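Analysis of the macromolecular model
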Amino acid sequence: MSTIANRLAELGINLPTPVAPIANYVPFVRTGNQLVVSGQISLAPEGLLAGKLGGGVSIEDGQKAARQAAINVLAQIQAAVGNLDNVVRIVRLGGFINCTPDFVDAPKVMNGASDLMVEVFGEKGRHARSTIGVAALPVNAAVEVEALVEIA
């Protein structure tokens with residue numbers, strides 16, 4: 001078993017089967033040593049983590065949604081490169097938080113995704129990041145996360 005697979009097992013994380021895109025795009029693009037992963041929503045095995053931050057969804061639940069979206073990013077990376085040990089570095093995450101106009105804690109929500117990358121990859125998981133509050137996300141997902149990854 002690979003080093004990262006062992007780490008995921010220690011964390012109790014089973015990567016889901018990657019979800020197919022719901023529109024006219026591909027789930028990832030590999031160019032040279034870079035992998036761009038399209039936005040992954042907060043779809044968990046038990047269902048969609050949905051709703052609006054600041055409108056009924058707590059920061060803690062938003063962090064869980066961001067973590068799940070990041071797990072879905074990992075599933076797409078694995079589908080693209082076959083083995084997560086091929087990740088050289090998580091370069092950047094982009095986070096989209098479904099929230100009310102007055103919600104100002106989107107960065108706290110996105111920490112759910114960022115913390116996961118560091119838990120899984122250690123220092124290679126530290127990344128640049130943007131977090132944006134949005135009025136809506138596909139299928140009312142609470143969070144969507146995209147990634148830029150350096151791969152071997």
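Everything that follows concerns the structure shown earlier in this document.
Structure report, in brief. Not measured: the values here are computed from a predicted model.

Here helix α3 (residues 106-121) is 16 residues long and its end C-alpha atoms lie 23 Å apart, about the 22 Å a rise of 1.5 Å per residue gives. The sharpest bend along α3 comes to roughly 35°, located at Gly112. Looking at the buried positions of α3, the neighbouring elements they touch are α1 (3-10), α2 (59-81), β5 (87-98), β6 (128-134) and β7 (143-151). Gly122 sits one or two residues past α3 and shows a positive phi near 65°.

With that out of the way, let us pick up the side chain of Ser2. Within the secondary structure, Ser2 is located in the segment before α1. Classification of Ser2 by relative accessible area gives buried; the value is 17%. Reaching out from Ser2, the side chain makes a polar contact with the side chain of Asp85 at a distance of 3.3 Å. Look past the residues within four positions of Ser2 in its chain and what remains in contact with it is Asn83 and Asp85.

Attention shifts here to the sheet that holds strand β1 (residues 28-31). In space, the five strands of this open sheet follow the order β1-β2-β7-β5-β6, with mixed pairing throughout. Edge strands, defined here as strands with exactly one partner in the open sheet, are β1 and β6. Strand-to-strand twist in this sheet, taken as the mean axis angle between neighbours without regard to direction, amounts to 15°. In this structure, β1 lies alongside strand β2 (residues 34-41), joined through four bridges in antiparallel fashion. Counted as the bridge partner of Arg30 is Leu35 from β2. Relative to the sheet, α2 contacts β1, β2, β5 and β7, its axis offset from that of β2 by approximately 140°.

A few words now on the pattern of salt bridges. Evaluation of the coordinates by the stated rule reveals seven salt bridges. Notably, a salt bridge pairs Lys64 with Glu60, separated by 3.8 Å at the nearest N-O pair. Here Glu60 and Lys64 lie together in helix α2, a separation of four residues that amounts to about one turn. According to the relative accessible area criterion, Lys64 is partly exposed, its value standing at 47%.

Quick look at the layout of surface pockets now. The space that makes up the largest pocket amounts to roughly 300 Å³. Considering the residues around the largest pocket, the lining is formed by 18 residues, among which Ala44, Glu46, Leu49, Lys64 and Gln68 are closest to the centre. Taken as a whole, the second largest pocket holds about 250 Å³ of empty space. For the second largest pocket, the lining is made up of 16 residues, of which Val19, Ile22, Tyr25, Gly39 and Ile41 are closest to its centre. Elements represented by at least two residues in the lining of the second largest pocket include exactly β2 and α2. Here the lining of the second largest pocket gets three residues from one element, more than from any other, and that element is β2. When its residues are assigned to classes, the lining of the second largest pocket shows eleven nonpolar, four polar and one charged.

Moving on: α2. Taking 1.5 Å of rise per residue, the 23 residues of α2 would be expected to cover 33 Å, and the 33 Å separating its terminal C-alpha atoms lies within 8% of that figure. Phi turns positive, to about 85°, at Gly82, one or two residues after α2.

This paragraph deals with the pairing of β2. Connecting β1 to the next strand, β2, in antiparallel fashion are two residues, including Gly32 with a positive phi near 60°. Where β2 and β7 come together, six bridges link them in antiparallel fashion. Pairing of Val36 across the sheet is with Leu148, part of β7.

Definitions and cut-offs
Residues numbered from 1 in each chain as written. Predicted model: local features only at pLDDT ≥ 70, side-chain atom pairs only at ≥ 80, totals over all residues. Heavy atoms only, no water. Helix = DSSP H or I, 4+ residues; strand = E, 2+ residues; numbered from the N terminus. Expected span 1.5 Å × (residues − 1). Bend = angle between axes of the 7 residues up to and from the residue. Contact = heavy atoms within 4.5 Å. Buried < 20%, exposed > 50% of the residue type's maximum accessible area, 1.4 Å probe, protein only. Polar contact = N/O pair within 3.5 Å; in protein donor to acceptor, adjacent residues only side chain to side chain. Pairing = 2+ DSSP bridges. Axes fitted to C-alpha atoms, helices over the stretch in contact; angles between N-to-C directions. Salt bridge = Lys/Arg side-chain N within 4 Å of Asp/Glu carboxyl O. 1 Å grid on protein atoms, 1.4 Å probe; cavity = no way out; pocket = protein on both sides within 12 Å on 5 of 7 lines; lining within 4 Å. Points joined across faces, edges and corners; volume = space filled by probe spheres on them. Nonpolar A, V, L, I, M, F, W, Y, C, P; charged D, E, K, R; others polar.

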